[in-house]
Amino acid sequence: MERVRVCLVGAGRAGLVHGRNLVRLPEAQLVAVVDEEGAARDRACAELGARGFRSLEEALERAAVDAVCVATPTFAHRDAVVLAADAGKHVFCEKPLALTLTQAQEMLQATRRAGVVLQVGFMRRFDPEFRAARECVASGELGRLVFVRSITRGPGLPPRWAWDPAKGIGLLAEVCSHDFDTLRWLSGSEFRSVFARVAVRKATEAAVEQPGFYDVALVTAELEDGTLGSVEGACPVDYGYDARLEVLGTEGMLAVGSVGPGTYTQVTRDGRVVQHTFRSWRDRFQEAYRAEMWHFLQCVREGRTPEVTGLDGLRALEAALAAVESARSGQPQLVGRGGGEP
Ligand SMILES: NC(=O)c1ccc[n+]([C@@H]2O[C@H](COP(=O)([O-])OP(=O)(O)OC[C@H]3O[C@@H](n4cnc5c(N)ncnc54)[C@H](O)[C@@H]3O)[C@@H](O)[C@H]2O)c1
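Note that the structure is a prediction, hence the values are computed from the model and not measured.

### Quick word on the packing of aromatic side chains
Now for step 1: Inspection of the entire model under this criterion finds seven aromatic pairs.
Now for step 2: Measuring from ring centre to ring centre gives 6.3 Å for phenylalanine 75 and tryptophan 161, while their planes differ by 75°; the resulting arrangement is edge-to-face. Residue phenylalanine 75 is found in the loop between strand S4 (67–70) and helix H4 (77–86), and its partner tryptophan 161 is found in the loop between strand S7 (145–153) and helix H7 (171–174); the two are separated by 86 residues along the sequence.
Now for step 3: One aromatic cluster is present, formed by Phe130, Tyr241 and Phe285 through successive ring pairs.
Now for step 4: A cation over a ring is seen here: arginine 284 above phenylalanine 285, with NZ or CZ 4.4 Å from the ring centre.

The following block contains the structure:
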């Protein structure tokens, strides 16, 4: 396959990041953009130079497509992935994989049945610093893992659909699924249990408008190999995008991430030190988003299994859903195995 012909479904915040990478990567050809909202579709088509369609069905009927990049809201992931797989198309799907474990299993089954690639959008696995952390842990240099702490804070409120528990799973999955994946990926171990607390501390108006909305989450986790972990998420924090990781081992520690994007430092007349923050996840993980898409294209071209599989998406979803249940019940939750084994 010369260039992978890709159809992008969902041209919102994440979709545009992927669309822009796809038009720049020589291994890809963005042939179609699907968005059910006309204005978003027209804007994306004008910028990316692709044909626009109202539905994925229509795009697959009328355009020659090898792969589908799913960046719709979470509630629409399952239908798009199953439709694409049933049509024999390779799939890249944003995280969290789905709203429920049943949906996630259906997605895994459909892609396995079709023998197509399914990669999930855990782009941190392609960030050079997160990769260096994983290599350090895997080399044994840190000794036995003691504790992994993963923090994600976003500047703004999530899109409106994500406030609604029927359409998204809330911060614990929409944001923290990255952190749950990082804990699994770094430790090489599965989740045993989680205990979660959520609260509304800042976005009080959103919580009034949407019952069930929360803007901060704290999770303690135990992995099967005995590693302890914590996941902390907060949105909005206004000051910038802040993703950090700390790993403590028996032989040392490592840390990834800082609030500032570079070495810019300004000292004011009154002695205050000013540094710039990352404004968005788009800036912090710019290189990682490009690298994950490049990896997906290589896997499609070479028929390889991606580094981030549907099963990884399902396992992170299991942890996130167990954390949601823990926050609801006030009790620790065992993280069950929802199937999905190859
Ligand atoms: N990997 C990351 O860092 C990251 C960052 C942001 C969002 N995301 C994920 O990406 C997904 C999209 O989030 P977003 O913030 O871009 O949302 P968004 O609301 O900005 O964009 C979603 C777009 O999909 C369109 N859409 C809705 N239903 C559709 C359907 N059935 N078919 C076609 N188009 C449809 C909407 O009109 C909208 O333009 C979510 O799953 C989210 O969790 C991932």
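The structure having been displayed, the exposition proceeds.
### A short note on the environment of alanine 133
Now for step 1: Tracing the backbone through its elements, the reader meets alanine 133 in helix H6 (residues 128–139).
Now for step 2: Take alanine 133: its relative accessible area is 3%, and that puts it in the buried class.
Now for step 3: Along the primary structure alanine 133 and valine 256 are separated by 123 residues, whereas in three dimensions their C-alpha atoms are 7.5 Å apart.
Now for step 4: Excluding anything up to four places from it in sequence, alanine 133 contacts Leu186, Leu245, Leu254 and Val256.

### Side note on the side chain of lysine 95
Now for step 1: Within the secondary structure, lysine 95 sits in the loop between strand S5 (90–93) and helix H5 (101–114).
Now for step 2: Lacking a salt bridge, the buried lysine 95 has glutamate 174 as its closest oppositely charged neighbour, with an N-O distance of 4.6 Å.
Now for step 3: A distance of 2.5 Å separates a polar side-chain atom of lysine 95 from the backbone oxygen of glutamate 174.
Now for step 4: Every residue in contact with lysine 95, bar those within four places of it in the chain, is listed here: His77, Val120, Gly121, Phe122, Ala173, Glu174, Ser177 and His178.

### Here's the deal with the packing of helix H1 (residues 13–24) against helix H2 (residues 38–48)
Now for step 1: One way to put it is that H1 packs onto H2 with a least axis distance of 10 Å and a crossing angle of 20°. Put simply, H1 runs roughly parallel to H2. Seen along the crossing, H1 lies across H2 with a hand that is right-handed. Contacts from Leu16, Gly19, Arg20 and Val23 of H1 reach H2 at Ala44, Glu47 and Leu48.

### Re the sheet that holds strand S1 (residues 4–9)
Strand pairing in a sheet is mediated by backbone hydrogen bonds. Such pairs are either parallel or antiparallel.
Now for step 1: Pairing is parallel across the open sheet formed by six strands, whose spatial order is S3-S2-S1-S4-S5-S6. Among the strands making up the open sheet, the edge pair consists of strand S3 (51–53) and strand S6 (118–120). Ignoring which end each strand starts from, the neighbouring axes of this sheet average 25° apart.
Now for step 2: Bridge count between S1 and S4: four bridges; the pairing is parallel. Bridge pairing in S4 links leucine 8 to cysteine 69.
Now for step 3: Sitting on the sheet, H4 touches S4, S5 and S6, and the angle it makes with S5 is about 165°.

### Looking at the packing of H6 against helix H8 (residues 177–187)
Now for step 1: Put simply, H6 and H8 touch, their axes get as near as 9 Å, and they point 35° apart. Facing Phe130, Arg131, Ala133, Arg134 and Val137 of H6, the residues of H8 in contact are Thr182, Trp185 and Leu186.

### So, helix H11 (residues 286–302)
Now for step 1: With 17 residues, H11 extends 25 Å between its outermost C-alpha atoms, agreeing within 8% with the 24 Å of an ideal straight helix rising 1.5 Å per residue.
Now for step 2: Within H11 the residues assigned to the buried category are Ala288, Tyr289, Ala291, Glu292, Met293, His295, Phe296, Leu297, Gln298, Cys299 and Val300.
Now for step 3: Immediately beyond the C-terminal end of H11, within one or two residues, lies glycine 303, with a positive phi of roughly 65°.

### Regarding the state of the cysteines
Now for step 1: Under the criterion given, the structure shown has zero disulfides.
Now for step 2: Left unpaired, cysteine 69 is separated from the closest cysteine sulfur, that of cysteine 93, by 8.6 Å.
Now for step 3: Of the residues examined, cysteine 69 reaches a relative accessible area of 0% and is grouped as buried.

### A word on the site of the ligand
Now for step 1: By nearness alone, 27 residues border the ligand, and Arg13, Ala14, Asp35, Glu174 and Tyr289 come closest of all.
Now for step 2: Between an oxygen atom of the ligand and a side-chain N or O atom of threonine 74, the distance comes to 3.1 Å.
Now for step 3: The side chain of glutamate 94 places a nitrogen or oxygen atom 3.0 Å from a nitrogen atom of the ligand.
Now for step 4: When the ligand sits alone it has 850 Å² of accessible area, and the protein chains cover 87% of it.
Now for step 5: Among the residues forming the shell around the ligand, the class breakdown is 13 nonpolar, seven polar and seven charged.

### Some thoughts on the confidence of the model for the protein
Now for step 1: Averaged over every residue, the pLDDT of the protein is 95; residues scoring 70 or more account for 98%.
Now for step 2: Looking over the protein, one finds the lowest element-wise mean pLDDT in strand S14 (residues 273–274), namely 86, and the highest in S4, namely 99.

### A word on unusual backbone geometry
Now for step 1: Going from lysine 95 to proline 96, the amide bond is cis rather than trans, its omega being -20°.
Now for step 2: Mapping proline 96 onto the fold places it in the loop between S5 and H5.
Now for step 3: With an omega dihedral of 0°, the bond running from cysteine 235 to proline 236 counts as a cis peptide bond.
Now for step 4: Even without being a glycine, aspartate 238 presents a positive backbone phi close to 70°.

### A look at the pairing of strand S11 (residues 242–249)
Now for step 1: Relative to S11, S7 runs antiparallel, the two being bridged by eight bridges. Across the sheet, residue arginine 153 finds its bridge partner in S11, namely aspartate 242.
Now for step 2: Two strands pair when backbone bridges link them, and S11 and strand S12 (residues 252–256) are joined in this way by five bridges, in the antiparallel orientation. Looking across to S12, one finds that glutamate 246 is bridged to alanine 255.

Parameters at a glance
Residues numbered from 1 in each chain as written. Predicted model: local features only at pLDDT ≥ 70, side-chain atom pairs only at ≥ 80, totals over all residues. Heavy atoms only, no water. Phe/Tyr/Trp six-rings, centres within 6.5 Å; stacked < 30°, edge-to-face > 60°. Helix = DSSP H or I, 4+ residues; strand = E, 2+ residues; numbered from the N terminus. Lys NZ or Arg CZ within 6 Å of the ring centre and 35° of its normal. Buried < 20%, exposed > 50% of the residue type's maximum accessible area, 1.4 Å probe, protein only. Contact = heavy atoms within 4.5 Å. Lys, Arg positive; Asp, Glu negative; His and termini not counted. Salt bridge = Lys/Arg side-chain N within 4 Å of Asp/Glu carboxyl O. Polar contact = N/O pair within 3.5 Å; in protein donor to acceptor, adjacent residues only side chain to side chain. Axes fitted to C-alpha atoms, helices over the stretch in contact; angles between N-to-C directions. Parallel < 35°, antiparallel > 145°, perpendicular 65-115°, else oblique. Left-handed = near helix turned anticlockwise from the far one by under 90°. Pairing = 2+ DSSP bridges. Expected span 1.5 Å × (residues − 1). Disulfide = S-S within 2.5 Å. Near = heavy atom within 4 Å. Areas by Shrake-Rupley, 256 points an atom, 1.4 Å probe, with all protein chains shown as cover. Nonpolar A, V, L, I, M, F, W, Y, C, P; charged D, E, K, R; others polar. pLDDT = per-residue confidence, 0-100.

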